[in-house]
Amino acid sequence: MVSDTSWMRNREGMGLWEHRGKVAVVGWGQSHMDRRWDGVTMDRSCGGLTKEACLKAIADAGLSLDDIDGLITSRETRAEQTWAPRPYFDPPYDTEDGLTYASADWIQRELGLKNVKYLKSDAPYIGPMMGLAAQAVGDGLCQTALVWYPMVNLEGRYGHNNPQNLNQEAPGATAFSLPWGYQNGAMFNNLVVFLQYCKKYGKSHDGLAPLCLNLRRNGLMTDWGYYSLHEPYQLTREDYLNGRVIEEPLVIYDCDRPVNTCAAFIFTTAERARDLRQKPVYVLNHAQNNGRGRSTMATLEEHQEAVASLARKMWEGSGLGASDVDIFNPYDGYLTFTQQFLEGFQWHGVKWGEAHDFYADDTRVEGPHPFLSSGGNNGTGRNRAVLFSDSIQQLRGTAGPRQVTVKADTALAGCNTPDSCGFMMFSKHPS
Amino acid sequence: MSTIPGLERPAPVPNELTKPFWDACNERRLVLQNCTACARLHYPPAPRCSQCGSPDNFEWKEVEGKGHIDVFMVIRDSRIRGFRSAQPINFAVITLDEDPGINFLSNLPGTPPGEVPMGAPVELIFEETSTGQLVHEWQVVS
Ligand SMILES: [Zn+2]
């Protein structure tokens, strides 16, 4: 589905990013968030929420619709099913476009955008898509890009309506995994790697409990997040340890909860950013991993090498090092792989095998090690964009109750998994 | 059918790349691609060698069906229909003794869910799927 990866910074040895500090994020908008779309309220459909997020982002930047000349989005909304065969609605909700994704053409039409010269609807998921957006602005494909990422959850138990899971046959590459119960997505292989991690370093599943609790705590300080809106209470360690088992030892609280929502961001040139409403948050680099392991299951060693390489690419392109990163928001859905990012980037000096000890220390936003100040996706629902929006808010100084007390000049954020991800380095200063 | 009660494995559908592999399974043989230039095994089947990048030096090599259990989990809430009727069910990663960089999935027929001896040796067996296609499986050496 993703047509072209030539724009990616996915190799070591590419040097300082050529647009370092010349691209900035100047707007952010987050829509309402529900567990599922009710199939009735069009404002809360994928298209409706996307419009809401986009308009909020444009307003946040202090721009007008006519300022937008680039539209970038992804089809990877994780709906896991189509709206069909259920009947479509009156236009503009008369196709999947608007219901299970919202393309650049759909938004251009619905918002009446007149000056768009660059449209991209087949960007990858949000991690690499943010890099694509920064690169597009840096390369001059557009000056001011509206970038949005809907996450879609329709009626029914999540994933159980995915045709692949109902199929009696296993075609193509799935023939080597599905017959043994392997499910697509980040759960299985990352749980395998987590088990290898526990075996190698003598750790166990309960070492993730403090991470889970702190993420929920941070998430409850995020007013638009799923738990603030719909289940506003803190979990206890006992809740976590007694959580419903999905794939033993993985429990429900290790999983970020699928939600129905959309986030949008505005990228523009550093020059254009200078006189806009918000303090610009500059992009110093973006980097991607898109490898895979040698055999059926990628291994701990392969994931560790993947993240170590990602870190080298990030340092090389941004000119920063591990000790320069103030805010760190790596993906946490599932909780089982977050330690690879923490250890691979060596944030706050955490080395291989030390993450669970770090989690057990003080990681509150008020404290000295405000890891995942966003609350992540465990704390706010699986929107993924929170990793980026919190990074931006922390650098702007507008994170409210989540605002860290340590220095917040730089931020590193990204998703999804160690072997397949896109990360971005943000800074308050262009150099 | 599987020897695991309730299990209905989705049946592999061979394609051009994988047909020799699945045909060999039906003869109860496990064959892997071997790049003769690199002496490197590949599994699952790949269009070209992951080391030298060439598709030209592949041969199908039969391997001895001996391995070890690396790690395991227990599937308790699968999204896959044929597994929902069999859960809880083991899900283990098996490394091949001839080349531990090659790994396989296994539900460990004969081993009760959760009672998996970590690190134990396993041997190759085959199980039937709904189309009659055999798939490779592993059981703990008694
Ligand atoms: Zn080779």
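Predicted model, so just to flag it, every value in this text is computed and none were measured. (Residues numbered from 1 in each chain as written. Chains lettered and ligands numbered in written order. Predicted model: local features only at pLDDT ≥ 70, side-chain atom pairs only at ≥ 80, totals over all residues. Heavy atoms only, no water.)

**Concerning the overall build of chain A**
Phase 1: When helices and strands are tallied, chain A shows 14 helices and 12 strands.
Phase 2: By the compact-globule yardstick of 22 Å for 431 residues, chain A fits well, its C-alpha radius of gyration being 20 Å.
Phase 3: Based on the C-alpha atoms only, the size of chain A along its principal axes is roughly 60 × 50 × 40 Å.
Phase 4: In chain A, which comprises 431 residues, the proportion classed as buried is 64%.
Phase 5: Taking contacts inside chain A between residues at least 6 apart in sequence as the whole, the part at least 24 apart equals 76%.
Phase 6: When the accessible area of chain A is evaluated, it comes to approximately 14,500 Å², of which 50% is carbon and sulfur surface. (Helix = DSSP H or I, 4+ residues; strand = E, 2+ residues; numbered from the N terminus. Rg over C-alpha atoms; globule rule 2.2 N^0.38 Å. Buried < 20%, exposed > 50% of the residue type's maximum accessible area, 1.4 Å probe, protein only. Contact = heavy atoms within 4.5 Å. Areas by Shrake-Rupley, 256 points an atom, 1.4 Å probe, with all protein chains shown as cover.)

**As for the side chain of His 42 of chain B**
Residues and elements named next belong to chain B.
Phase 1: With respect to the helices and strands, His 42 occurs in strand E3 (residues 40-42).
Phase 2: A residue is classified by how much of its surface remains accessible, and His 42, at 6% relative accessible area, is buried.
Phase 3: A distance of 3.2 Å separates a polar side-chain atom of His 42 from the backbone oxygen of Arg 40.
Phase 4: Ignoring sequence-local partners within four residues, the contact set of His 42 consists of Leu 32, Gln 33, Cys 35, Arg 48, Cys 49, Ser 50, Phe 58 and Ile 102. (Polar contact = N/O pair within 3.5 Å; in protein donor to acceptor, adjacent residues only side chain to side chain.)

**Thoughts on the packing of helix H1 (residues 46-61) of chain A against helix H2 (residues 104-111) of chain A**
All names here are of chain A.
Phase 1: Two numbers describe how H1 lies on H2: the axes approach to 11 Å, and their chain directions differ by 70°. The angle between H1 and H2 places the two elements in the roughly perpendicular class. Of the two possible hands of crossing, H1 and H2 adopt the one that is right-handed. Where H1 abuts H2, its residues Gly 47, Gly 48, Thr 50, Lys 51, Cys 54 and Leu 55 lie against Trp 106, Ile 107, Glu 110 and Leu 111.
Phase 2: Broken down by class, the residue content of the contact of H1 with H2 amounts to 5 nonpolar, 3 polar and 2 charged. (Axes fitted to C-alpha atoms, helices over the stretch in contact; angles between N-to-C directions. Parallel < 35°, antiparallel > 145°, perpendicular 65-115°, else oblique. Left-handed = near helix turned anticlockwise from the far one by under 90°. Nonpolar A, V, L, I, M, F, W, Y, C, P; charged D, E, K, R; others polar.)

**Considering the packing of aromatic side chains**
Residue and element names in this part refer to chain A.
Phase 1: In the structure shown here, the tally under the stated rule is 29 aromatic pairs over all chains.
Phase 2: A centroid spacing of 5.8 Å and a plane angle of 85° characterise the contact between Phe 358 and Phe 371, whose relative ring orientation is edge-to-face. Taken together, the residues Phe 358 in helix H12 (residues 355-360) and Phe 371 in the loop between H12 and helix H13 (376-380) connect sequence positions 13 residues apart. Each member of the pair Phe 358 and Phe 371 is classed as buried.
Phase 3: An aromatic cluster is present here, built from Trp 315, Phe 328, Tyr 331, Phe 337, Phe 341, Phe 345, Trp 347, Phe 358, Tyr 359, Phe 371 and Phe 423 joined pairwise through their rings.
Phase 4: Over the ring of Tyr 101 we find Arg 75; its NZ or CZ atom is 3.6 Å from the centre of that ring.
Phase 5: If you follow Arg 216 out to its NZ or CZ, it ends over the ring of Tyr 227, 3.7 Å from the centre. (Phe/Tyr/Trp six-rings, centres within 6.5 Å; stacked < 30°, edge-to-face > 60°. Lys NZ or Arg CZ within 6 Å of the ring centre and 35° of its normal.)

**A closer look at the environment of Leu 166 of chain A**
Phase 1: Tracing the sequence through the fold places Leu 166 of chain A in helix H4 (residues 163-166).
Phase 2: Excluding its chain neighbours within four sequence positions, the residues that come into contact with Leu 166 of chain A are His 160 and Asn 161 of chain A together with Arg 81 of chain B.

**What to know about the coordination of the zinc ion**
Phase 1: Ligation of the zinc ion by protein atoms is provided by Cys 35 of chain B (SG), Cys 38 of chain B (SG), Cys 49 of chain B (SG) and Cys 52 of chain B (SG), these donors lying 2.2 to 2.4 Å from the ion.
Phase 2: One can describe the donor arrangement at the zinc ion as tetrahedral, given that its 4 donor atoms subtend angles of 106 to 114° at the metal. (Donors = N, O, S within 2.8 Å, 3.2 Å for Na, K, Ca; no water. Tetrahedral: all angles 85-135°; square planar, octahedral: opposite > 155°, others 65-115°.)

**Considerations on the pattern of salt bridges**
All names here are of chain A.
Phase 1: Enumeration according to the criterion identifies 35 salt bridges over all chains in this entry.
Phase 2: Its salt-bridge partner being Lys 203, residue Asp 357 comes within 3.5 Å of it at the nearest N-O pair. In this pair, Asp 357 is assigned in helix H12 and Lys 203 in the loop between helix H5 (187-201) and helix H6 (209-219), connecting sequence segments 154 residues apart.
Phase 3: Residue class for Lys 203 comes out partly exposed when judged on its relative accessible area of 22%. (Salt bridge = Lys/Arg side-chain N within 4 Å of Asp/Glu carboxyl O.)

**Re the interface of chain B and chain A**
Phase 1: Of the residues lining the interface, 45 residues belong to chain B; the matching set on chain A comes to 40 residues.
Phase 2: If you look at where chain B meets chain A, you find 5 salt bridges.
Phase 3: Between Glu 248 of chain A and Arg 76 of chain B there is a salt bridge whose closest N-O contact spans 2.7 Å.
Phase 4: Inspection of the region where chain B meets chain A yields 27 residue pairs in polar contact (both at pLDDT 80 or more).
Phase 5: When residues of the side of chain B that touches chain A are traced back to their parent elements, those giving at least two are strand E1 (11-13), helix H1 (19-26), E3, strand E5 (66-75), helix H2 (81-84), strand E6 (89-96), strand E7 (99-106) and strand E9 (134-140) of chain B.

**Topic: the environment of Tyr 227 of chain A**
All names here are of chain A.
Phase 1: Mapped onto the secondary structure, Tyr 227 falls in helix H7 (residues 226-230).
Phase 2: Distance from Tyr 227 to Ser 121, taken between C-alpha atoms, is 30 Å for residues 106 residues apart in sequence.
Phase 3: Setting aside anything within four residues of it in sequence, one finds Tyr 227 in contact with Arg 216, Leu 220, Pro 232, Arg 257, Asn 378, Gly 379, Thr 380 and Gly 381.

**Concerning helix H10 (residues 300-318) of chain A**
All names here are of chain A.
Phase 1: Taking 1.5 Å of rise per residue, 19 residues should cover 27 Å, and H10 covers 27 Å from first to last C-alpha, within 8% of that figure.
Phase 2: For H10, the tally of buried residues reaches 14 of 19 residues, placing the bulk of the element in the interior.
Phase 3: Looking at the residues trailing H10, positive phi occurs at Gly 319, about 75°. (Expected span 1.5 Å × (residues − 1).)

**Things to note about the nonpolar core**
Phase 1: Ile 72, Phe 265, Phe 267, Phe 328, Phe 345 and Phe 426 of chain A together with Leu 32 of chain B are the most contacted members of the largest nonpolar core, which has 141 residues in total.
Phase 2: Of all the elements, H5 of chain A adds the most residues to this core, at 9 residues.
Phase 3: Both domains that meet at this core, namely domain 1 (15-63) and domain 2 (64-142) of chain B, each give it at least three residues.
Phase 4: Other than its neighbours up to four places away in sequence, Phe 426 of chain A contacts Val 25, Val 281, Tyr 282, Val 283, Phe 388, Ser 391, Ile 392, Leu 395, Asp 409, Thr 410, Ala 411 and Ala 413 of chain A.
Phase 5: Judged by nonpolar contacts, the second largest core, of 35 residues, contains Leu 49, Ala 53, Cys 54 and Ala 102 of chain A. (Core = buried A, V, L, I, M, F, W, Y, C linked by side-chain atoms within 4.5 Å. Domains from an automatic or database assignment.)

**Examining the packing of H5 of chain A against H10 of chain A**
Residues and elements named next belong to chain A.
Phase 1: Taken N-terminus to C-terminus, the directions of H5 and H10 make an angle of 100°; their axes are 9 Å apart at the nearest point. On the basis of their axis angle, the class for H5 and H10 is roughly perpendicular. Residue-level contacts link Asn 190, Val 193, Gln 196, Tyr 197, Lys 200 and Tyr 201 of H5 to Leu 300, Glu 301, His 303 and Gln 304 of H10.
Phase 2: In the contact of H5 with H10, the residues fall into 4 nonpolar, 4 polar and 2 charged.

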